[in-house]
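# Structural overview
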Amino acid sequence: MSQSPAEDTHRSGSGSQLGKAPAGEAGVPGVSGTRGVSGVAEASGVRDAAEFADGVGLVVESDGSEGRAEVRRSRWRLWLRNPSLVIGGTIVAIVVVVALLSLVWTPYAPNAVNPAIRLAGPSASHLLGTDEYGRDVLSRLMASAQVTLYVGVISVLIAVGVGVPAGLLAAQRSGFVSQLVLRIADIVYGFPALLAAIVLAAAIGASKTTVTLAVGIAYIPVFVRVTRSNALVVLSSEYVLAARAYGRRPLAILRRHVVPNIATTMIAQMSLLFSLAVLAEAALDYLGLGTTAPTASWGTMLQDGQNYLGNDVLLTIWPSLAVFICVLGFSLLGEGISETRDARSRR
Amino acid sequence: MAVLSVRDLTITNRGTTLVSGVSFDVDAGERVGLIGESGSGKSLTALATMGLLSGGITASGHVELEGEELLGLNESRLCELRGDRIAMIFQEPMTALNPTKRIGAQVGETLRVHRGLSRRAAAAAAVELLARVELPDPHRYARLYPHELSGGQRQRVMMAIAISCDPVVILADEPTTALDVTVQRRVLDLLDRLVDEEGCALLLITHDLAVVSEMCDRVVTMYGGHIVESGSANDMLNAPRHPYTEALLLTSRAVSVDGVASGLLPSIAGSVPAAGNFPHGCPFRDRCEHAIGACVEMPPMVSAPIVAAPMVGAPMVGAPMVSAPMAGDGVGSTVHAVACWNPVCEKPEMSAREQVSANGD
């Protein structure tokens, strides 16, 4: 708390503050009496400090008259100037569009088997070729984007939904409750996510849900910690003290003051974790702990393709490339968001 | 009738006493100045009064607001009182507003909390309040964000928030310290007018004695977590009894005598020690030129002697100079009371020269 005597002492150094002259006199040494500069301002009937300063040719801080259109424009410029944000955003947009498109249209049905053209290389009719059952690789890649987004979105929502409230609780309560939450988070964090996924797969069977739960739970501790550390900064700020001073209750302070101020950080963190979720999902699918055949996912396609590495190396390259680009997109987006946030707060 | 009554307020932080046995009253509509250097415990006293201490800092004693004990009161009831009956203005207007919310919403928030106003009604009330604190074009300002306002404008916003629910007492914690000198005067004039209009009591925490002399009816001096002197503004500023109050006065008057500083500015030798490192007994004794043997014990608050004291060289040791019995406990009345074994009794101008070293040697 900034009000502690020790810090106050530190800030003001020695007793020098006492040597300060009263308000009115310090500005203009020649003017006697207690009114000083402000007395002049009042005498001339000028009401506003900015106006007064203008009158004597001083440069004053903007009083906001430039309007918010300017602010909005400069925010756009800030975003567009950030390559991470632009490239990441574009990739993410493409992935989302492809996933949505695959719901209504793919070149071929993703699971349509055609033994006649199995393991055919890229051609005009099958742009990325076909796999060992003669299924169109491009169609399967597109359909896989659905699985990826589904698992990513739901697992991040699980992590945020549990992690953020827990983090806020840990930030607001000191002592036992805070320690309890943090230690539980530590335990979850310390438990290998892969092991958890295997256990979960054994318990409820390998499926999309298994992967989603495993990834979601594994990322809860990350959100607990990030939320707590950011919330602590906001909670120690003077405007939270002011909010308490005008009677805001603790829960309302969290909702109205803490959450809006940590939202950008959280969104950046979500995007970063999304990329990790994509990676984890592909890995778990590859290991056979997630999406099961015949449903297409980048992980299962990779698993299928590795049996034919000698015949057609492209079968493993396409899904790998898809995972790579998707992860890159979400990481860049997350990085871009935090960079622009930092840039804005630096101004 | 005291609206705010503080008795034996002691604030500790893990064994370190930060404020000890502070008692004072603020009557309805009265303006009390709480003065002292940084680190004297003024702000802590205010925060404890509001029940806003945190981080292991605890308070004991009694704080009564309109007869209701605040210390130990549950958080829910405290939330009802804060902002409604007792309001606070903070030192740093730059950080005391939420950067992500519009001015109008923040001003209206108190009314929504305590009066249950709808968003729309609160917004309308906020514009009126902004007009009352003399922000030009309040409709436009209500839609701005804090970073678009200057420091003085933000402090006006803080005042609008403070008065929004007609509190009976406002605690103003160095409301002008963070502002430019050109803005300070106007913000103070505004505070003066608002307190007048509201008819509420004001506890003004400051180290600016010029402000105190203009704004306050009564002055309380704090040093090292103790109240060392209290009395009417007139008595305190014209005839201070405690060497510390006198030294404070001297340092602030140095320039204003003829508008030109004559040589070196007076200062108080040494600096405020860190909390917990104050000497035993009177906390000021290691910086005080009036210090005598008796000062190793904390002197009680007694009404200030009216007769002239013996000279500094011949201190009376033992009993404090009690020339008149205290009226009640002296904390609420305008009785001039001082906690000093060897108080100042000469005219301040005379003894001050010799008492305060010219250059803080």
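Here the residue numbering is sequential within each chain, running from 1 through the sequence in written order. As they are written, the chains are lettered A onward and the ligands numbered 1 onward, keeping that order. Given that the model is predicted, a residue must reach a pLDDT of at least 70 before its local features are reported, and side-chain atom pairs must reach 80 or more before they are shown or counted; all residues, however, enter totals for whole chains, interfaces and linings.

### Some remarks on the overall build of chain A
Where we set the bar: Helix numbers and strand numbers start at the N terminus; a helix is a DSSP run of H or I with at least 4 residues, a strand a run of E with at least 2. Three exposure classes are used. Buried residues have 20 or more other C-beta atoms within 10 Å of their own C-beta, exposed residues have 12 or fewer, and partly exposed residues fall in between, all C-beta atoms being placed from the backbone. Whether two residues are in contact depends on their C-beta atoms, placed from the backbone: they are in contact if these lie within 7 Å.
Along chain A, the regular secondary structure elements total 14 helices and zero strands. Shown N-terminal to C-terminal, the secondary structure of chain A runs as helices and strands in the order α-α-α-α-α-α-α-α-α-α-α-α-α-α. Considering chain A as a whole, with its 347 residues, one finds that 41% of them fall into the buried category. Contacts in chain A between residues at least 24 apart in sequence constitute 67% of all its contacts with a sequence separation of at least 6.

### Considerations on the sheet that holds strand β2 (residues 16-27) of chain B
Residue and element names in this part refer to chain B. The criterion, for reference: We call two strands paired when DSSP finds no fewer than two bridges between them.
If you trace the four strands from one edge of the open sheet to the other, you get β2-β1-β4-β5, paired in antiparallel fashion. Each edge of the sheet is formed by a strand with only one pairing partner; in this case those strands are β2 and β5 (68-69). Across two bridges, the pairing between strand β4 (residues 57-65) and β5 is antiparallel. Its bridge partner being in β5, E64 is matched across the sheet by E69.

### Remarks on the sheet that holds strand β3 (residues 31-35) of chain B
Strand pairing in a sheet takes place through backbone hydrogen bonds and is either antiparallel or parallel in direction. All names here are of chain B. We apply this condition: To obtain each axis, a line is fitted to C-alpha atoms, and for helices this fit is confined to the stretch in contact; angles are then taken between N-to-C directions over 0 to 180 degrees.
Strand order in the open sheet formed by eight strands is β6-β7-β8-β3-β9-β10-β12-β11, and the pairing between neighbours is mixed. Here the strands that pair on one side only, and so sit at the sheet edges, are β6 (86-89) and β11 (302-303). The pairing of β3 with strand β9 (residues 218-223) spans four bridges and is classified as parallel. What sits directly across from L34, in β9, is V220. Of the strands in this sheet, β6 and β7 (169-173) are in contact with helix α6 (residues 151-163), which crosses β6 at around 175°.

### Comments concerning the domain arrangement of chain B
All names here are of chain B. Rules: Domain start and stop positions are those given by an automatic or database domain assignment. Each residue is assigned to one class: nonpolar for Ala, Val, Leu, Ile, Met, Phe, Trp, Tyr, Cys and Pro, charged for Asp, Glu, Lys and Arg, and polar for all the others, Gly among them.
Taken domain by domain, chain B comprises domain 1 (2-216) and domain 2 (232-361). With 17 residues of domain 1 at the contact, the number on the domain 2 side is 11 residues. Among the elements of the structure, β2, β3 and α8 (209-215) are those that each provide at least two residues to the side of domain 1 that touches domain 2. No other element matches β2, which puts five residues into the side of domain 1 that touches domain 2. In terms of residue class, the side of domain 1 that touches domain 2 is built from eight nonpolar, seven polar and two charged.

### As for the confidence of the model for chain A
This is how the line gets drawn: The predictor attaches a confidence to each residue, called pLDDT, with possible values from 0 through 100.
Across chain A, the average pLDDT comes to 78, with 78% of residues at or above 70. Of the regions scoring below 50 in pLDDT, residues 1-65 of chain A engages in 114 contacts with residues more than four places distant in sequence or in other chains.

### Concerning the nonpolar core
Rules: A set of buried residues drawn from Ala, Val, Leu, Ile, Met, Phe, Trp, Tyr and Cys, joined through C-beta atoms within 7 Å, is what defines a nonpolar core.
By size, the foremost hydrophobic cluster in this structure holds 185 residues, and its most contacted members are B:L130, B:V169, B:I170 and B:L203. With 16 residues, helix α7 (residues 137-172) of chain A is the single largest residue contributor to this core. Filtering out sequence-adjacent residues up to four positions away, B:L130 remains in contact with B:V107, B:L135, B:P138, B:Y141, B:A142 and B:A160.

### Quick look at the pairing of strand β8 (residues 201-206) of chain B
Working note: regular strand, side chains alternate between the two faces of the sheet. Residue and element names in this part refer to chain B. So the rule is basically this: By the criterion used throughout, a crossover qualifies as right-handed when its path from the first strand across the helix to the second strand runs clockwise, the strands pointing away from the viewer.
Where burial is concerned, most of β8 is hidden: six out of the six residues are buried. Of the two faces of β8, both are covered, the one formed by A201, L203 and I205 as well as the one formed by L202, L204 and T206. In this sheet, β8 lies alongside β3 in parallel orientation, the contact comprising five bridges. Paired with L34 across the bridge in β8 is I205. Alignment of β7 against β8, held across five bridges, turns out to be parallel. Bridge pairing in β8 links I170 to L202. Since β7 and β8 lie parallel, the crossover through helix α7 (residues 181-198) that links them has a hand, and here it is right-handed.

### A few points about the pairing of β7(B)
Residue and element names in this part refer to chain B. Counting buried positions along β7 yields five of five residues, so the element is predominantly enclosed. Burial of the side chains of β7 extends over both faces: V169, L171 and D173 are buried on one face and I170 and A172 on the other. With four bridges joining them, β6 and β7 adopt parallel strand pairing. Each bridged residue has a counterpart across the sheet, and for I89 the counterpart in β7 is A172.

### Some remarks on the packing of helix α9 (residues 193-204) of chain A against helix α10 (residues 208-235) of chain A
Residues and elements named next belong to chain A. Keep this limit in mind: Take the far helix as the reference: if the near one is turned anticlockwise from it by less than a right angle, the crossing is left-handed, and if turned clockwise, right-handed.
The N-to-C vectors of α9 and α10 enclose an angle of 145°; their axes lie 9 Å apart at closest approach. Of the two possible hands of crossing, α9 and α10 adopt the one that is right-handed. Across the interface between the two elements, A193, A196, A197, L200, A201 and I204 from α9 touch T210, V211, L213, A214, I217 and A218 from α10. Residue classes in the contact of α9 with α10 are distributed as 11 nonpolar, one polar and no charged.

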